[in-house]
Amino acid sequence: LSMQAFVLALALLPLASAFVLPEAAVKPENRDVYTIPYNDATARKQILFAAGAAYGNQPQKCLDKVFTGATVRRVVEARCDVNPADKCLGYTAVSPNDKVIIVVFRGTNNNVQLILEGLETVFEYHTPWAAGGVVSQYFNDGFLNIWNAGLKDDFNALAAKYPGYQVWITGHSLGGAMASLAASYITYNKLYDASKVQLVTYGQPRVGDAAYAHAVDRDVTNKFRVTHAHDPVPHLPQENLQGFTHHKAEVFYKEAMTKYNICDDVDESEFCSNGQVLPDTSIKDHLNYFQINVSDLG
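Residues numbered from 1 in each chain as written. Predicted model: local features only at pLDDT ≥ 70, side-chain atom pairs only at ≥ 80, totals over all residues. Heavy atoms only, no water.

### Brief notes about the overall build of the chain
- The helix and strand tally for the chain stands at 10 helices and 14 strands.
- Expressed as a percentage of contacts within the chain between residues at least 6 apart in sequence, the contacts between residues at least 24 apart total 74%.
- With the model as given, the accessible surface of the chain reaches about 12300 Å², and the carbon-plus-sulfur share is 54%. (Helix = DSSP H or I, 4+ residues; strand = E, 2+ residues; numbered from the N terminus. Contact = heavy atoms within 4.5 Å. Areas by Shrake-Rupley, 256 points an atom, 1.4 Å probe, with all protein chains shown as cover.)

### Some words on the packing of helix H2 (residues 40-53) against helix H3 (residues 59-66)
- Where H2 contacts H3, the two axes come as close as 8 Å, and the packing angle between them is 170°. One finds that H2 runs roughly antiparallel with respect to H3. Contacts between H2 and H3 involve Lys45, Gln46, Phe49, Ala50 and Ala53 from the former and Pro59, Cys62, Leu63, Lys65 and Val66 from the latter.
- Split by residue class, the contact of H2 with H3 holds 7 nonpolar, 1 polar and 2 charged. (Axes fitted to C-alpha atoms, helices over the stretch in contact; angles between N-to-C directions. Parallel < 35°, antiparallel > 145°, perpendicular 65-115°, else oblique. Nonpolar A, V, L, I, M, F, W, Y, C, P; charged D, E, K, R; others polar.)

### Side note on the pairing of strand E6 (residues 166-172)
- Across the 7 residues that make up E6, a large majority, 6, are buried.
- Bridging between strand E3 (residues 100-105) and E6 involves 6 bridges; their strand directions are parallel. Each residue of the ladder has a partner; that of Phe105, found in E6, is Gly171.
- Note that E6 and strand E7 (residues 197-202) share 6 bridges and pair parallel. Bridge pairing in E7 places Trp168 opposite Gln198. (Buried < 20%, exposed > 50% of the residue type's maximum accessible area, 1.4 Å probe, protein only. Pairing = 2+ DSSP bridges.)

### Section: the side chain of Asp219
- Here Asp219 is to be found in helix H8 (residues 210-219).
- With relative accessibility at 15%, the residue Asp219 sits in the buried group.

### Quick word on the state of the cysteines
- For the coordinates displayed, the defined rule picks out 2 disulfides.
- Shown here is the disulfide that connects Cys80 with Cys88, its sulfur atoms set 1.8 Å apart. Since a negative S-S torsion denotes a left-handed disulfide, the Cys80-Cys88 link at about 115° is right-handed.
- Under the relative-accessibility criterion, Cys80 is labelled buried at 0%.
- Disulfide partner of Cys263: Cys272, at an S-S distance of 2.1 Å. (Disulfide = S-S within 2.5 Å.)

### Considering the nonpolar core
- In this structure, Phe105, Phe139, Phe155, Ile169 and Tyr192 are the most contacted members of the largest nonpolar core, which totals 44 residues.
- Setting aside its immediate chain neighbours within four residues, Phe155 contacts Ile101, Val103, Trp147, Val167, Ile186, Leu191 and Tyr192.
- Of all hydrophobic cores here, the second largest spans 34 residues; its members include Tyr55, Cys62, Val104 and Tyr289. (Core = buried A, V, L, I, M, F, W, Y, C linked by side-chain atoms within 4.5 Å.)

### Here's the deal with the packing of aromatic side chains
- Inspection of every chain in the model, using the stated rule, returns 20 aromatic pairs.
- Ring centres 5.9 Å apart and planes at 85° place the aromatic pair Phe123 and Phe139 in the edge-to-face group. Pair noted here: Phe123 is in helix H5 (residues 120-124) and Phe139 is in helix H6 (residues 137-161), with a separation of 16 residues, a long-range link.
- You can call Phe139 buried: its relative accessible area is 0%.
- Among the aromatic side chains, those forming a connected cluster through ring pairs are Phe105, Trp129, Phe143, Trp147, Phe155, Tyr185, Tyr192 and Tyr212. (Phe/Tyr/Trp six-rings, centres within 6.5 Å; stacked < 30°, edge-to-face > 60°.)

### Structural notes on the sheet that holds strand E2 (residues 87-95)
- Strand order in this open sheet of 8 strands is E1-E2-E3-E6-E7-E9-E11-E12, and the pairing throughout is mixed. Every interior strand has two partners, whereas the edge strands, strand E1 (71-79) and strand E12 (260-263), have only one. Taken over all neighbouring pairs, the strand axes of this sheet differ in orientation by 15° on average, direction set aside.
- Sitting on the sheet, H2 touches E2, E3, E6, E7, strand E11 (250-253) and E12, and the angle it makes with E6 is about 65°.

### A short note on H2
- Its 14 residues give H2 an end-to-end C-alpha distance of 19 Å, which sits within 8% of 20 Å, the value for a rise of 1.5 Å per residue.
- Along H2, the sharpest change in direction is near 40° and occurs at Ile47.
- For H2, a buried count of 12 out of 14 residues is recorded, marking the element as mostly surrounded by other parts of the structure.
- If you check which residues of H2 are buried, you get Asp40, Thr42, Ala43, Arg44, Gln46, Ile47, Leu48, Phe49, Ala50, Ala51, Gly52 and Ala53.
- Sitting at the head of H2, Asn39 places a side-chain oxygen 3.0 Å from the backbone nitrogen of Ala41. (Expected span 1.5 Å × (residues − 1). Bend = angle between axes of the 7 residues up to and from the residue. Polar contact = N/O pair within 3.5 Å; in protein donor to acceptor, adjacent residues only side chain to side chain.)

### With respect to the pattern of salt bridges
- Summed over the entire model, instances satisfying the criterion amount to 6 salt bridges.
- Put simply, Arg44 and Asp40 hold a salt bridge, and the shortest N to O gap is 2.9 Å. Here Asp40 and Arg44 lie together in helix H2, a separation of 4 residues that amounts to about one turn.
- Accessibility expressed as a relative area gives 19% for Arg44, which makes it buried. (Salt bridge = Lys/Arg side-chain N within 4 Å of Asp/Glu carboxyl O.)

### As for the packing of helix H7 (residues 174-188) against H8
- With their axes 9 Å apart at the nearest point, H7 and H8 run at an angle of 55° to one another. What the angle tells us is that H7 and H8 run oblique. For the pair H7 and H8, the crossing hand works out as left-handed. For the pair H7 and H8, the contacting residues are Ser180, Leu181, Ser184, Thr187 and Tyr188 in the first and Tyr212, Val216, Arg218 and Asp219 in the second.
- Residues that form the contact of H7 with H8 fall into these classes: 4 nonpolar, 3 polar and 2 charged. (Left-handed = near helix turned anticlockwise from the far one by under 90°.)

What is shown is where atoms sit, not what they do.
Structure follows, in structure tokens:
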């Protein structure tokens, strides 16, 4: 692992900023106004557990720790790509107490291996996205395989049964990329009231090009990419490599994850993770959010 981490560090050295932002730095005032504002307690005490539950074979047990009366409705596993051993997973749940429909994506079960390989195969091939731009074919295929294998039917049933509920869409790592696509798909196709859809991801890599980022910014009103200190995955692939860039809005936490800064004036800001002086090469920071190992949580 140490040699792999060293290789990854060399690959990511160009990402290091040339300066350190002072603690008192002030963001521009032209911020977006969110109808469902970012809530630290919800992100760390509820949505994180929903995302982590996807890594286990009994996601209900994770939900029971932080939700009252929430029920997992359907778990769907499908092939991520041509490799039959490479599985992606998603599930739906509903929490009547919170008035929330929950949609979660795990991504591949080989996350760490792909991270250490630099996710090269994930970003090699592109495919057009209906809402705009192009995206990683790997993420596109994984999302659509899960969606068409049963997640779509269950989401539509939940949407019809609970029309006034919020929809929380989430995922960690590669699951966060698929969650981004799911939020774009649902809002672009008007499957649910966009003002009630909230996307919260953890350690999400770049999903598509600038046109895709613009489409997400246009359609998904409430969206937050939670990033942690020196997590390398939000910087993959390198910015503008093959045209890939992030959509808004980043919620950046430093090491202890006690304080955060929201960067929503531009898609990628030096006031958040792009402003770090050291290269972001910490696999530990990727696996651990809010002092919890997300992949071990399930």
